Amino acid sequence: MAVMENLIGRENARPAPSAGKAAEMPSLIGADREELAAMLRDRGVPERQIKMRVSQLWNWLYVRGVSDFDAMANVSKDMREMLKANFTIARPEIVEEQVSNDGTRKWLLRYPPRGAGRPVEVETVYIPEEGRGTLCISSQVGCTLTCSFCHTGTQRLVRNLTAEEILSQLLLARDRLGDFPDRDVPQGAMIPSSDRKVTNIVMMGMGEPLYNFEEVKKALLIATDGDGLSLSKRRVTLSTSGVVPEIYRTGEEIGCMLAISLHAVRDELRDMLVPINKKYPLKELMEACRAYPGLSNARRITFEYVMLKDVNDSLEDAKGLIQLLKGVPAKINLIPFNPWPGTNYQCSDWAQIEKFADFINQAGYASPIRTPRGRDILAACGQLKSESERMRKSERLAFEAMMIANHGEDD
Ligand code: SF4
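First, a word on scope: everything that follows refers to the structure included in this document. (Residues numbered from 1 in each chain as written. Predicted model: local features only at pLDDT ≥ 70, side-chain atom pairs only at ≥ 80, totals over all residues.)

## Focus on the pairing of strand 8 (residues 200–203)
Then, in step 1: Here four bridges tie strand 5 (residues 132–137) to strand 8, and the two strands are oriented parallel to one another. For Leu 135, the partnering residue across the bridge sits in strand 8 and is Ile 201.
Then, in step 2: In this sheet, strand 9 (residues 236–240) lies alongside strand 8 in parallel orientation, the contact comprising three bridges. Note that in strand 9 the partner of Met 203 across the bridge is Leu 238. (Pairing = 2+ DSSP bridges. Helix = DSSP H or I, 4+ residues; strand = E, 2+ residues; numbered from the N terminus.)

Here you go:
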């Protein structure tokens, strides 16, 4: 039986420090250097100090990860008081934090309404693996797309997340994992990046990141800034269902790794599974992939392929996949389908998934079968948020028991 530890339950939800007041003030998190400079200028900071103040703030926010202006020891008291009176750097409220028996962690975070009429909640998932740790970040609350196998797609779009809200998922995860070791070392001292707990991020949580391009871009450029959070662009992956025009922009303006939610190799089937395909069919999608800058065997596009029984899991489909990807440095992630209440799909049989994977391997493509992670806390792919929001506790426990019973044997 799975052991699920609920570190912070809904009953013990933690409001961020001075969350009410902070929610009304502009946040410094997510602002780029020019915006920070403009915010300080507007508050009367003399021009000759601006550059130095921006660089101090950048260091406190993104190298040391502080969320309290009073911790900024080398900033004068007057300046700290001014910052406190006008801005916030508070983290989002943690509604719930769960740790799976496989070490996966899931946070349910609450943000102020910002035009949505009520506070919104999103989930962020941390997946520790041998030698690395991946944080799966959400870009929207709900989703406008309706991929038929995805539970998030059944939830209407509430709103886009801001750059601050996207970035604060990373900051909060680092807080909770003790992953800001620089907090306690002298300024300027180096911390080996191999000691980091969050080594990779994937924009693969709730929402279609390329429908929120500007905010996602801002957040990822800050996450990969060498003087701050310093994640390598090779360790940041943006996953899209195929918003073709923004794939070109992602390559040029962000330069991170790309993943495509592919799931079908024929237009008729993909129109059904990933309806955005009607607007940007496979031919256009693959052209955009071929043109993605910097591709090589060491920098491959990941193609996500969910295994749906008797829908897309035949050897004909595997053949079609190899043809489709010809000439693209590619890696294929096979994802056993994670069922959710009300879905008509079933996960392919394990033997069929292995046959499919072998076929692709023999054609020379890496095609790992993604081991489902965090199923006991509903943190697996396509299960985010809707469950924890909509199910009552008793329903959730029953569903979790069903998931464990259904899948226990293939772990
Ligand atoms: S797979 Fe992604 S794009 Fe499609 S409905 Fe789900 S969250 Fe939206």
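## Observations regarding the site of the ligand
Then, in step 1: If you check the shell around the ligand, you find Cys 143, Leu 145, Thr 146, Cys 147, Cys 150, Thr 152, Gly 153, Met 206, Gly 207, Glu 208, Ser 241 and Ser 261 and nothing else.
Then, in step 2: Residues belonging to the shell around the ligand are distributed by class as follows: five nonpolar, six polar and one charged. (Near = placed C-beta within 6 Å. Nonpolar A, V, L, I, M, F, W, Y, C, P; charged D, E, K, R; others polar.)

## Considering the packing of helix 6 (residues 213–223) against helix 7 (residues 244–254)
Then, in step 1: Running from amino to carboxyl end, helix 6 crosses helix 7 at an angle of 25°, the nearest separation of the two axes being 11 Å. Here helix 7 runs roughly parallel to helix 6, going by the angle between their axes. Judged by the sense of rotation from one axis to the other, the crossing of helix 6 with helix 7 is right-handed. Between helix 6, through Phe 213, Lys 217, Leu 220 and Leu 221, and helix 7, the contact on the second element is made entirely by Glu 246, Arg 249, Glu 253 and Ile 254.
Then, in step 2: Its residues assigned to classes, the contact of helix 6 with helix 7 comprises four nonpolar, no polar and four charged. (Axes fitted to C-alpha atoms, helices over the stretch in contact; angles between N-to-C directions. Parallel < 35°, antiparallel > 145°, perpendicular 65-115°, else oblique. Left-handed = near helix turned anticlockwise from the far one by under 90°. Contact = placed C-beta atoms within 7 Å.)

## Focus: helix 3 (residues 47–63)
Then, in step 1: Helix length check: helix 3, at 17 residues, gives a terminal C-alpha distance of 24 Å against a target of 24 Å (1.5 Å per residue), a fit within 8%.
Then, in step 2: For helix 3, every residue scored as buried is listed here: Val 54, Leu 57, Trp 60, Leu 61 and Tyr 62.
Then, in step 3: In the core, the buried residues of helix 3 are packed alongside helix 2 (33–42) and helix 6.
Then, in step 4: Phi turns positive, to about 70°, at Gly 65, one or two residues after helix 3. (Expected span 1.5 Å × (residues − 1). Buried ≥ 20, exposed ≤ 12 C-beta atoms within 10 Å, placed from the backbone.)

## Let's talk about the environment of Val 141
Then, in step 1: Mapping Val 141 onto the fold places it in strand 6 (residues 140–141).
Then, in step 2: On a C-alpha basis, the gap between Val 141 and Val 122 in space is 6.3 Å, while along the polypeptide they are 19 residues apart.
Then, in step 3: Beyond its immediate chain neighbours, meaning those up to four positions away, Val 141 contacts Val 120, Val 122, Val 158, Arg 159, Leu 161 and Met 206.

## Points about the nonpolar core
Then, in step 1: Core analysis: the biggest nonpolar cluster contains 93 residues, and Leu 167, Leu 170 and Ala 223 have the highest contact counts within it.
Then, in step 2: Here this core takes seven residues from helix 5 (residues 163–176), the largest share from any one element.
Then, in step 3: If near-sequence neighbours (up to four positions away) are discounted, Leu 170 is found in contact with Leu 135, Ile 137, Val 198, Ile 201, Ala 223 and Leu 229. (Core = buried A, V, L, I, M, F, W, Y, C linked by C-beta atoms within 7 Å.)

## Focus on the packing of helix 7 against helix 9 (residues 282–290)
Then, in step 1: Taken N-terminus to C-terminus, the directions of helix 7 and helix 9 make an angle of 5°; their axes are 9 Å apart at the nearest point. Between helix 7 and helix 9, the angle is such that the two are roughly parallel. Only Glu 284, Leu 285 and Ala 288 of helix 9 make contact with helix 7, whose side of the interface consists of Val 244, Ile 247 and Tyr 248.

## Things to note about the pairing of strand 4 (residues 120–129)
Then, in step 1: With eight of its ten residues buried, strand 4 lies for the most part within the structure.
Then, in step 2: Where strand 3 (residues 105–111) and strand 4 come together, seven bridges link them in antiparallel fashion. Following the sheet pairing, Leu 109 is matched in strand 4 by Val 122.
Then, in step 3: Joining the antiparallel neighbours strand 4 and strand 5 is a turn of two residues, in which Gly 131 adopts a positive phi near 75°.

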